[in-house]
Amino acid sequence: MKIIKYLLILPVFCVSLFGQAEIKDPLFTEVWGPVPAVVTPGEGSNPPSDAFVLFDGKDLSLWIGDNDKEPAWDINNGVLTVKPGTGGIRTRQAFGDCQLHIEWKTPAKVKGEGQGRGNSGIFFMGQYEIQILDNYNNRTYSNGQAGSVYKDHAPLVNACKAPDEWQSYDIVFTAPKFDEDGTLLKEARFTVFHSGILIHNNVKVMGMTAFIGLHSYTPHLDRLPLGLQDHGNLVSFRNIWIREL
Ligand code: MG
């Protein structure tokens, strides 16, 4: 078996020995498998054909309240709005590496300032928050403003639209990896587009989101539910879909 292995490697080795100029046949660098699956893009921000739709404007059947009760958030004309004081909601299904599309807007009636204005958030695996906040003419600490990996990374730019205007996040999340002993092998990572503008380019997450103190990792499962935060403000959502990676 070993001899066969070396015979297979030999032609490649000869080519690299004499440099790329020796490769005359374009077929040598063509890779034909595996064949990428066909996915049909959605019109505008509609979900692509292989997306799992988490909220389509009708109901919250795929969600549960943080208190393990039915979510009490309001749905009106296809729009989901936080019901302050009822707690966050999370998906019934668990996710690891994923691509998430979510559209959100902060209340037309501007109330509060800093972290108290239009605050919500998306908690990947229930632990790592991408901040939602009204930062249109509203200053707060940079690593806590809209689009931040909360208290971990400030967004590259402030792409916030005005209150009551729909904006989107398109987020690529790579889950952290732990070995069987719970030792961290690889940190989580985020790439985020805010209404089409890159605000995080594959940044390394320092650990679980915490309001106070430095972030660190606690070992957890490969897949966990995705959460939306009730921070006491009337933030609205629509068109939420996810693609597992
Ligand atoms: Mg928040």
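Above: the structure in question.
Let me sum up the structure you'll find in this document. (Residues numbered from 1 in each chain as written. Predicted model: local features only at pLDDT ≥ 70, side-chain atom pairs only at ≥ 80, totals over all residues. Heavy atoms only, no water.)

### Quick word on the coordination of the magnesium ion
Metal coordination angles have textbook ideals: 109.5 degrees for a tetrahedral set of four donors and 90 or 180 degrees for an octahedral set of six.
Okay, step 1: Protein coordination at the magnesium ion comes from N119 (OD1), S120 (O), E129 (OE), Q131 (OE1) and Q229 (OE1), with a distance range of 2.2 to 2.4 Å.
Okay, step 2: Positions of the donor residues of the magnesium ion, expressed as sequence spacing, correspond to N-S-x8-E-x1-Q-x97-Q. Taken together, the positions of S120 in strand 7 (residues 120-124) and Q131 in strand 8 (residues 128-132) put the pair 11 residues apart, joining distant regions of the chain.
Okay, step 3: The class of S120 is buried, set by a relative accessible area of 0%. (Donors = N, O, S within 2.8 Å, 3.2 Å for Na, K, Ca; no water. Helix = DSSP H or I, 4+ residues; strand = E, 2+ residues; numbered from the N terminus. Buried < 20%, exposed > 50% of the residue type's maximum accessible area, 1.4 Å probe, protein only.)

### Some details on the side chain of D152
Okay, step 1: Considering the arrangement of structural elements, one finds D152 in the loop between strand 8 and strand 9 (167-174).
Okay, step 2: Looking at D152, its side chain comes within polar contact range of the main-chain nitrogen of M206, at 2.8 Å.
Okay, step 3: Ignoring sequence-local partners within four residues, the contact set of D152 consists of N143, V205, M206, G207 and H215. (Polar contact = N/O pair within 3.5 Å; in protein donor to acceptor, adjacent residues only side chain to side chain. Contact = heavy atoms within 4.5 Å.)

### Quick word on the sheet that holds strand 5 (residues 89-95)
Okay, step 1: Taken together, the five strands give an open sheet; going across it, the order is 2-5-14-7-8, and neighbouring strands pair in antiparallel fashion. The sheet is open, and its two edges are formed by strand 2 (63-65) and strand 8, each paired on a single side. Neighbour-to-neighbour, the strand axes of the sheet open up by a mean angle of 25°, direction not taken into account.
Okay, step 2: Pairing of strand 5 with strand 14 (residues 224-228), which is carried by four bridges, proceeds in the antiparallel orientation. Looking across to strand 14, one finds that I89 is bridged to L228. (Pairing = 2+ DSSP bridges. Axes fitted to C-alpha atoms, helices over the stretch in contact; angles between N-to-C directions.)

### Describing the environment of L54
Okay, step 1: The topology assignment puts L54 in strand 1 (residues 52-55).
Okay, step 2: Setting aside anything within four residues of it in sequence, one finds L54 in contact with L62, W63, T91, F95, L100, L226, I240, W241 and I242.

### A few points about the packing of aromatic side chains
Okay, step 1: Overall, the coordinates contain 10 aromatic pairs when judged by the stated rule.
Okay, step 2: Ring plane angle 45° and centroid distance 5.1 Å describe the contact between F173 and F190, whose orientation is recorded as tilted. A residue pair is termed long-range when its members are at least 10 positions apart, and F173 in strand 9 and F190 in strand 12 (residues 189-194) qualify at 17 residues. Of the two residues, F173 and F190, both sit in the buried class.
Okay, step 3: Grouping aromatic residues by their ring pairs yields a cluster made of F124, Y128, F173, F178, F190 and Y217. (Phe/Tyr/Trp six-rings, centres within 6.5 Å; stacked < 30°, edge-to-face > 60°.)

### Some remarks on empty space enclosed by the protein
Okay, step 1: Scanning the entire structure with this criterion turns up one cavity of 30 Å³ or more.
Okay, step 2: When its volume is computed, the largest cavity comes out at roughly 30 Å³.
Okay, step 3: Lining the largest cavity, in full, are F95, G96, C98, F124, M125, F173, L224, P225 and L226.
Okay, step 4: Looking at the lining of the largest cavity, the element that brings in the most residues is strand 14, giving three residues.
Okay, step 5: Of the residues that constitute the lining of the largest cavity, the class distribution is eight nonpolar, one polar and no charged. (1 Å grid on protein atoms, 1.4 Å probe; cavity = no way out; pocket = protein on both sides within 12 Å on 5 of 7 lines; lining within 4 Å. Points joined across faces, edges and corners; volume = space filled by probe spheres on them. Nonpolar A, V, L, I, M, F, W, Y, C, P; charged D, E, K, R; others polar.)

### Thoughts on the nonpolar core
Okay, step 1: Grouped together as the largest cluster of nonpolar side chains are 42 residues, with contacts concentrated most on L100, I122, F124, Y169, F190 and F237.
Okay, step 2: Looking at this core element by element, the count peaks at four residues for strand 6 (residues 98-105).
Okay, step 3: Excluding its chain neighbours within four sequence positions, the residues that come into contact with L100 are L54, I122, F124, Y169, D170, I171, L226, I240, W241 and I242. (Core = buried A, V, L, I, M, F, W, Y, C linked by side-chain atoms within 4.5 Å.)

### With respect to the layout of surface pockets
Okay, step 1: By volume, the largest pocket is sized at about 190 Å³.
Okay, step 2: For the largest pocket, the lining is made up of 13 residues, of which P107, K109, K111, N233 and L234 are closest to its centre.
Okay, step 3: The class makeup of the residues in the lining of the largest pocket is four nonpolar, five polar and four charged.

### Looking at the environment of I75
Okay, step 1: As for its position among the elements, I75 is in strand 3 (residues 74-76).
Okay, step 2: Residue I75 is classed as partly exposed on the basis of its relative accessible area, which comes to 29%.
Okay, step 3: Each C-alpha atom of the pair I75 and D59 lies 7.3 Å from the other, and the pair is 16 residues apart in sequence.
Okay, step 4: Each residue touching I75, except ones within four places of it in the same chain, is listed here: F55, G57, K58, D59, L60 and L80.

### Some words on unusual backbone geometry
Okay, step 1: Backbone torsion omega between G33 and P34 reads 0°, so that peptide bond is classified as cis.
Okay, step 2: Turning to its location among the elements, P34 is positioned in the loop between helix 1 (2-18) and strand 1.
Okay, step 3: Phi angles above zero are rare outside glycine, and D68 is one such case at about 65°.
Okay, step 4: If you trace the backbone, D68 turns up in the loop between strand 2 and strand 3.

These figures come from the coordinates and say nothing about function on their own.
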